[in-house]
There are 2 protein chains.
Amino acid sequence: MENLTNLNKEELAKTKAELLKKYKDYQNLNLNLNMTRGKPSKEQLALSMPLLDVLNSSSDCTDAYGTDCRNYGELLGIKEARKLFGELLGTSIEETIVVGQSSFNFMYELMAMAMLKGTLGSDKPWSKYDKVKFLCPVPGYDRHFTICEFLGIEMINIPLTEDGPDMDLVEKYASSDESVKGIWCVPKYSNPLGVCYSDKTIKRLANLKPAAKDFRIFWDNAYSVHAIYKDIQILNILDECKKAGNPNMVYMFGSTSKMTLPGAGVGYFGASKENVEYIENQLKCVCISYDKMNMLRHVRYLKDIDNIKGIMAKQADILRPKFDAVLNTLDEELGNSGAGSWVKPGGGYFVTYVGKKGTAKRIHTLCKDAGVLLTEPGSTHPYHKDPDDSYLRLAPSFPSLDDVKMAMKVFCVAAQIATIETLE
Amino acid sequence: MENLTNLNKEELAKTKAELLKKYKDYQNLNLNLNMTRGKPSKEQLALSMPLLDVLNSSSDCTDAYGTDCRNYGELLGIKEARKLFGELLGTSIEETIVVGQSSFNFMYELMAMAMLKGTLGSDKPWSKYDKVKFLCPVPGYDRHFTICEFLGIEMINIPLTEDGPDMDLVEKYASSDESVKGIWCVPKYSNPLGVCYSDKTIKRLANLKPAAKDFRIFWDNAYSVHAIYKDIQILNILDECKKAGNPNMVYMFGSTSKMTLPGAGVGYFGASKENVEYIENQLKCVCISYDKMNMLRHVRYLKDIDNIKGIMAKQADILRPKFDAVLNTLDEELGNSGAGSWVKPGGGYFVTYVGKKGTAKRIHTLCKDAGVLLTEPGSTHPYHKDPDDSYLRLAPSFPSLDDVKMAMKVFCVAAQIATIETLE
């Protein structure tokens, strides 16, 4: 298609009229499509139903290390689970904690504890500083930003490139300002841009020399085994931090939410042994034990890394056609049009459309008025403020393939209309 | 037996010599008995194994209100669970939240949020006060005190009587000091004394006129259906608070930890609709959803209140002989001896021995040196400081009946020796 920015006034008006006609036709279909949430579809959930057969009333509920999972105890999780999820994280049993159903909630827990009590190496609780700041690569995961906003932690936008966060900026802020206490990272198939941090970026992160000695990288590796097109390997940040003499600088998170059943899985955490011991002493005060039966259910179902990869390949087979539909429609309808750009992600749960400045809200409204619901514009940025009003997160996992195709057609028409409006 | 306090010096010496001989005989048995933790026994856990058959790969995982429990959503818990556990709490669905595996962790969560953000009606976060204080009926549950200590909340001892906390003192502190922000209560078969709050006590609590308008009663009804000898009914504190014009003053907690599998059950929470809405808005920032599959498993297994009572009657049948052993041995060996007193609890998980001043640590050591481990003395009080050194918590649920009997024989000899030592 012709690049919209090359059209003269008359051509623009003609193109817009054609697009508005198409848009009107879509409106007349009374669509009700939802592309807002990174939720697995029913087909994906069905894959995990055998998980429910793993434990029954005849089962031996003792883990491989002798723990009766039916009773209290093992605050850091059963060893069998710490071993398996440690393998996913690239950590030893002693460096791994397996928690409840949500790694997100554990991220909050650790951030709240840092505010209330401080972390290993803190001089005082973070809440005792006049100001606490966190570096936030954008576009990023809205929930991370919500935690900071909730706790009154000031967020600083860091542009995300295809190699990861702009490290010049990260180094500048971290090394110069003691109130900068950490950074949020989704290093693989990032939510929502879909990029993977390069080796160089990860090494630079590990080699940070923060002014705050209790600086923490919150490393939310939510999509570690969630390849769709390409299984990209990223460096183990904890290993790199150890090499750099910063073993305690990183907290790693992951969960089975998108391997088995979201909200009914287990979350896990990896960090240096010293960090784990420090956190154990804090956790002792606030929790008795996490759900070990669900840990046992998961280790017996997931078995080992190879089996997990097999399960994730089946998940990917369900997701791929939907991602194809998003990416192909974007290519066909918007490729070379000058109406926005996007990264083809290797995996994960999202595609991010980066429109011309000042178009995201308008596209969102146009879509909404045609029965296609997208994630709120701004949700990719701290304080829900996308300064360029250009980012839109597309979440194709939950709707049916036909719905994704239809939603994307509407989206591309809306994107072109909004783009033309900025050119008029 | 003769009251030790009536013996003359010679008689005391003779009795002590006999007791020391018995004690030495016990030591020679090389016992290894543990009465420290309120954990269910293997027989109790076995009762709950059918829980594991409730959901399998053929199950419809949609709750009675249409929620697919396998996916994200329903932050306050599935309605079917909110209904059932609301019935246990005496709250409506809108007044009930069902959370993760631990009500204890949720108590911490709410206390931490009060510190960080405040509660409904707070002028500012509790952590912004120079001092925050909590009233702590003693003897009480060590874990409650740990939360306060962890968060730097100053604890004030309130003596617990057979009717509940000393209400004159509670009223005095609450009404006169704005920094007193709440009180811990275990109103039924209290941990560890085993008393139930009288109607009068509950009405007085509900009618408090605290100086702090964001005062909260943390009502940990951990043993609401855990009768062993006598199913005692206590008043619904939320109803009483409403009548008194204090609808937002109480947070009620409970869990299935001692109905099904501890650490693998669900916790629940009841409060006014306003409190629930306020807390929902805070929870939104820190959690996506709790484990709805385990909620569904529990509601389908527990079914209704009558069925829960049936299950709890079977639990009681396993616990009763052990409580009989504790209480009968205390009666036989120490009754009328002047060596301590105890309440016969109607239910719950503990018996508390209240010895003569200055004997608890000594008894604990004597028992330990004879291979019988008791809960640390002091754990019944804030900061692990029992000012009289007289309280010892006996937890007979986990060991076998024979072990409980043997442990109690050792205990009674130790208690008499320690008592005589104070009389010498």
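Residues numbered from 1 in each chain as written. Chains lettered and ligands numbered in written order. Predicted model: local features only at pLDDT ≥ 70, side-chain atom pairs only at ≥ 80, totals over all residues. Heavy atoms only, no water.

Taken residue by residue, the interface counts 56 residues in chain B and 56 residues in chain A. Between chain B and chain A the total buried area reaches about 5100 Å² when both faces are included, carbon and sulfur atoms providing 56% of it. Considering only the surface of chain B that becomes buried against chain A, B:Arg70, B:Tyr72 and B:Phe150 emerge as the three largest contributors, covering 16% of it. Joining chain B to chain A, the criterion identifies 2 salt bridges. For B:Lys42, the salt bridge goes to A:Asp68, with nearest N and O atoms at 2.9 Å. Remark: the boundary between chain B and chain A carries 16 residue pairs in polar contact (both at pLDDT 80 or more). At the level of secondary structure, the elements contributing two or more residues to the side of chain B that touches chain A comprise α2 (42–47), α4 (103–116), α5 (142–151) and α10 (292–302) of chain B. Ranked by the residues each element gives to the side of chain B that touches chain A, the list is headed by α4(B), at 8 residues. Here the residues of the side of chain B that touches chain A sort into 29 nonpolar, 13 polar and 14 charged. (Contact = heavy atoms within 4.5 Å. Buried area = accessible area lost by both parts, 1.4 Å probe. Salt bridge = Lys/Arg side-chain N within 4 Å of Asp/Glu carboxyl O. Polar contact = N/O pair within 3.5 Å; in protein donor to acceptor, adjacent residues only side chain to side chain. Helix = DSSP H or I, 4+ residues; strand = E, 2+ residues; numbered from the N terminus. Nonpolar A, V, L, I, M, F, W, Y, C, P; charged D, E, K, R; others polar.)

Before going further, it helps to spend a moment on the packing of helix α12 (residues 360–369) of chain A against helix α13 (residues 401–423) of chain A. Residues and elements named next belong to chain A. Put simply, α12 and α13 touch, their axes get as near as 9 Å, and they point 135° apart. It follows that α12 is oblique to α13 by the angle criterion. The chirality of how α12 crosses α13 is right-handed. Where α12 abuts α13, its residues Arg-362, Ile-363, Leu-366 and Cys-367 lie against Val-410, Phe-411, Ala-414, Ala-415, Ile-417, Ala-418 and Glu-421. (Axes fitted to C-alpha atoms, helices over the stretch in contact; angles between N-to-C directions. Parallel < 35°, antiparallel > 145°, perpendicular 65-115°, else oblique. Left-handed = near helix turned anticlockwise from the far one by under 90°.)

Okay, the relation of the copies chain B and chain A next. Once turned by 180° and shifted 0.0 Å along the axis, chain B lies on chain A with an RMSD of 0.0 Å. In symmetry terms, the pair is related by a two-fold rotation axis. A share of 100% of interface residues in chain B that are also interface residues in chain A marks the association as one of identical surfaces. (Least-squares fit on C-alpha atoms with pLDDT ≥ 70 in both.)

Turning to the side chain of A:Thr256, a few remarks are in order. Along the chain, A:Thr256 falls in the loop between β8 (250–255) and β9 (267–270). Those residues in contact with A:Thr256 that lie beyond four places of it in its chain are A:Phe85, A:Leu261, A:Gly265, A:Val266, A:Tyr268, A:His298 and A:Leu302.

Within an α-helix, residues lying three or four positions from one another point in the same direction, as the helix has 3.6 residues per turn. Of all 11 residues in helix α10 (residues 292–302) of chain A, 10 are buried, a share of seventy percent or more. Those residues of α10(A) that sit buried are A:Lys292, A:Met293, A:Asn294, A:Met295, A:Leu296, A:Arg297, A:His298, A:Val299, A:Tyr301 and A:Leu302. Close packing links the buried residues of α10(A) with α2 (42–47), α3 (79–89), β2 (96–98) and α11 (305–334) of chain A together with α10 of chain B. Capping the start of α10(A), A:Asp291 holds a side-chain oxygen 3.1 Å from the backbone nitrogen of A:Met293, two or three residues further along. (Buried < 20%, exposed > 50% of the residue type's maximum accessible area, 1.4 Å probe, protein only.)

The next thing to look at is α4(B). Residues and elements named next belong to chain B. Here α4 contains 14 residues, and its C-alpha end-to-end distance of 20 Å stays within 8% of the 20 Å for a straight helix at 1.5 Å per residue. With 14 of its 14 residues buried, α4 lies for the most part within the structure. Sitting at the amino-terminal end of α4 is Ser-102, which places a side-chain oxygen 3.3 Å from the backbone nitrogen of Phe-104. Once α4 ends, the next one or two residues include Gly-118, with phi positive near 90°. (Expected span 1.5 Å × (residues − 1).)

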